[in-house]
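So you can see what is in the structure, the chains are spelled out below.
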Amino acid sequence: MTSVAIVLFTSDLRVHDHPPLRAALDAAERVVPLFVLDDGVRRAGFTAPNRLAFLAETLADLDASLRARGGRLVTREGPVVDEVCAVVRETGAREVHVAAGVSRYALAREERLRRELGAQGCALRVHDGVITAVTPGAVTPDGRDHFAVFTPYLRQWEKVRTRSPLGAPRRVEVPDVGSAKPLPENVPGASAGLPSGGERAGRERLDRWLSSGIRDYAERHDDLAGDGTSRLSPYLHFGCLSPLEVVHRARTRGGEGAEAFVRQLAWRDFHHQTLHARPSAAHADYRTQHDRWRTDEREAAAWRDGETGYPIVDAAMRQLRHEGWMHNRARLLVSSFLTKTLYLDWRIGARHFLDLLVDGDVANNQLNWQWMAGTGTDTRPNRVLNPLTQARRFDPDGAYVRRWLPELDFLPGRSIHEPWKADGVPYPAPLVELSDGLARFKAARGKD
DNA sequence: CTTATATTCCG
DNA sequence: GGAATATAA
């Protein structure tokens, strides 16, 4: 009987720079590339139509990549640990390789796998540097288990010598083992403007980004209408791209834009190391400000539906619904609006983002929301972004607003940001006066 | 070397 | 104000 190893794919749906796949191929003659759609994964948010659609395309693409190498993707449905154990029994595999995760769900999965595989005489091998460029915990301040401030983290992060990215394997021999039906690619309720899923699409986008877009990233990344960002976030979330390879290639390319872009990837690692050390930060305040958030379902619904009366906020919320994606600058401004101006709980916003974002990621989403809510790692927890100032600075001619709110297009220039100043505009009145929101927030937080 | 304190800096 | 680090004891 030939030797068999299993690679359990999770948030690393690619063949390039995939240490678990490489290790499995080195260890055994035949390898089972396995993906399990389990209830825990469903609960963790995969049921959101946008990510489910992207996932279906990504799995189809991964299967195609493996078939081009003589293999195929084996998919199963059911509790992930049970399914892995079943495949071990069916194939006589001696090793299971998996990427190290950071969420509570991933850590629990790893623990159960280790225990139950051990009982079957099968080893679990966990690989670092797959989900993030720098492993959570690889750099720490003296006497603490993680960094709580980004800049000191970045200084250490930049010094870490990471391995060289691995190429894709030439051949993958897969033993005969049963597989579930592929996921349907047409998902009801998915946004119309979703990007295509899969490693191939991700690598094409990365190539284009490195050869052109990244050059002006430092100057253009905040321009809402110009859309000068990489849009690689969904591919990073599903692991269609290796963050380590992206960092490596961006650094090789060099320049001011590349440096600014790599810094954003360090933010991604920063949030992952925070969540790894403090799993509760996915739902509880990282550093509580003892907020007693207002509850107002009418205002929350207006925010979700892009009907706050502030065009820059509403445009962003409509982009989210239509594309399953939102410009990063817009994410900052709408989250400031929800948490600081309306003074509504950050979890309301984080949940809505996870319902729609194709890149929706527990570490990045929850900790960025906490950052803006002032309950996270921001060293200035009372910072408030004024939506009008943001609009004038990052959408000076209103091109972004015009794209998403065509009903306001007749308002010239920057006046589009203040439709309440014109007569007879078919648009909701502002949900709240900015000065009232600010006063309310200051009273609640008490200081600064 | 450990621990206390000063200094710097925060998207 | 507090986190990280440099410096002193």
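Looking up chain A in an unreviewed UniProt entry gives the name Deoxyribodipyrimidine photo-lyase, with the organism given as Streptomyces chumphonensis.

Peer 1: Would you mind going over the overall build of chain A with me for this structure?
Peer 2: The helix and strand inventory of chain A stands at 19 helices and 5 strands. For a compact globule of 448 residues, the expected C-alpha radius of gyration is about 22 Å, and chain A comes in at 23 Å, within 12% of that figure. C-alpha extents for chain A along the principal axes are approximately 80 × 45 × 45 Å. Here chain A holds 448 residues, and 55% of them are scored as buried. Taking the contacts inside chain A whose residues are at least 6 apart along the sequence as the reference set, 80% of them involve residues at least 24 apart. Accessible surface, chain A: about 19,200 Å² in total, of which carbon and sulfur atoms supply 48%. One way to put it: in chain A the 63 positive side-chain charges average out to a point 3 Å from where the 59 negative ones average out.

Peer 1: Whenever I open this one, the protein's contact with DNA strand C confuses me. Can you help?
Peer 2: Every residue close to DNA strand C is listed here: P141, R144, F147, A148, V149, P152, Q156, R287 and T379. A share of 94% is what sugar and phosphate atoms reach among the atoms of DNA strand C within 4 Å of the protein. Contact distances for DNA strand C include 3.2 Å between a phosphate oxygen and a side-chain N or O atom of R144. Here a phosphate oxygen of DNA strand C and a side-chain polar atom of Q156 are 3.5 Å apart. Across the surface near DNA strand C, the residue classes tally to 5 nonpolar, 2 polar and 2 charged.

Peer 1: What is the right way to read the protein's contact with DNA strand B from this model?
Peer 2: Around DNA strand B sit F150, T151, R263, Q264, W267, W371 and T379, and that is every residue in its neighbourhood. The sugar-phosphate backbone supplies 58% of the atoms of DNA strand B found within 4 Å of the protein. In this structure, T151 approaches DNA strand B through a side-chain N or O atom, which is 2.8 Å from a phosphate oxygen. Between DNA strand B and Q264 there is a distance of 2.6 Å, counted from a base nitrogen to a side-chain nitrogen or oxygen. Here the surface near DNA strand B takes 3 residues from helix α11 (residues 256–277), the largest share from any one element.

Peer 1: How should I be thinking about the environment of D142 in this particular structure?
Peer 2: As for its placement among the helices and strands, D142 is situated in the loop between β5 (123–127) and α6 (150–159). Residues D142 and L183, spaced 41 residues apart in sequence, show a C-alpha to C-alpha distance of 47 Å.

Peer 1: Honestly, helix α4 (residues 80–91) in this entry has me stumped. Any pointers?
Peer 2: In an α-helix there are 3.6 residues to a turn, and that puts residues three or four apart on one side. A rise of 1.5 Å per residue sets the reference length of α4, with its 12 residues, at 16 Å; its end C-alpha atoms lie 17 Å apart and thus fit the reference within 8%. Across the 12 residues of α4, 9 count as buried, placing the element largely inside the fold. For α4, the set of buried residues is V80, V81, E83, V84, C85, A86, V87, V88 and T91. Looking at the buried residues of α4, the elements they touch are β1 (4–9), β2 (30–37), β3 (74–77), β4 (95–99) and α5 (104–119). A positive phi of about 70° marks G92, the residue just after α4.

Peer 1: When you look at the nonpolar core in this model, what are you seeing that I'm missing?
Peer 2: The nonpolar side chains of a soluble globular protein tend to be buried with one another. Ranked by size, the top nonpolar core spans 76 residues in total, and within it L8, L34, V84, V96, L117, W157 and F261 carry the most contacts. For this core, the leading source of residues is α11, giving 8 residues. If we skip the residues at most four places from it in the chain, V84 touches I6, L8, L34, V96, L113 and L117. Among the nonpolar cores identified, the runner-up in size contains 45 residues, and A300, A330, F353 and V425 belong to it.

Peer 1: Sorry, what's going on with the state of the cysteines here?
Peer 2: Under the criterion given, the structure shown has 0 disulfides. With no disulfide of its own, C85 has C122 as its nearest cysteine by sulfur position, at a separation of 8.0 Å. Residue classification places C85 among the buried residues on the basis of a relative accessible area of 4%. The exposure class of C122 is buried, given its relative accessible area of 4%.

Peer 1: How should the packing of aromatic side chains be read in this particular structure?
Peer 2: Both the distance between ring centres and the angle between the ring planes are used here to describe each pair of aromatic rings. In total, this model carries 18 aromatic pairs according to the counting rule given. With a centroid separation of 5.6 Å and an interplanar angle of 65°, the aromatic rings of F147 and Y153 are classed as edge-to-face. For the pair F147 and Y153, one class covers both residues: buried. Relative to W371, the ring of W267 has its centre 6.3 Å away and its plane inclined at 80°; by these criteria the two rings are edge-to-face. Residue W267 is found in helix α11, and its partner W371 is found in helix α16 (residues 362–373); the two are separated by 104 residues along the sequence. With a relative accessible area of 16%, W371 lands in the buried category. Clustering of aromatic rings is evident, with ring pairs tying together F147, F150, Y153, W267, F270 and W371. The ring of W325 carries the charged tip of R231 above its face, separated from the ring centre by 3.9 Å.

Definitions and cut-offs
Residues numbered from 1 in each chain as written. Chains lettered and ligands numbered in written order. Predicted model: local features only at pLDDT ≥ 70, side-chain atom pairs only at ≥ 80, totals over all residues. Heavy atoms only, no water. Helix = DSSP H or I, 4+ residues; strand = E, 2+ residues; numbered from the N terminus. Rg over C-alpha atoms; globule rule 2.2 N^0.38 Å. Buried < 20%, exposed > 50% of the residue type's maximum accessible area, 1.4 Å probe, protein only. Contact = heavy atoms within 4.5 Å. Areas by Shrake-Rupley, 256 points an atom, 1.4 Å probe, with all protein chains shown as cover. Lys, Arg positive; Asp, Glu negative; His and termini not counted. Charge placed at Lys NZ, Arg CZ, Asp CG, Glu CD. Near = heavy atom within 4 Å. Polar contact = N/O pair within 3.5 Å; in protein donor to acceptor, adjacent residues only side chain to side chain. Nonpolar A, V, L, I, M, F, W, Y, C, P; charged D, E, K, R; others polar. Expected span 1.5 Å × (residues − 1). Core = buried A, V, L, I, M, F, W, Y, C linked by side-chain atoms within 4.5 Å. Disulfide = S-S within 2.5 Å. Phe/Tyr/Trp six-rings, centres within 6.5 Å; stacked < 30°, edge-to-face > 60°. Lys NZ or Arg CZ within 6 Å of the ring centre and 35° of its normal.

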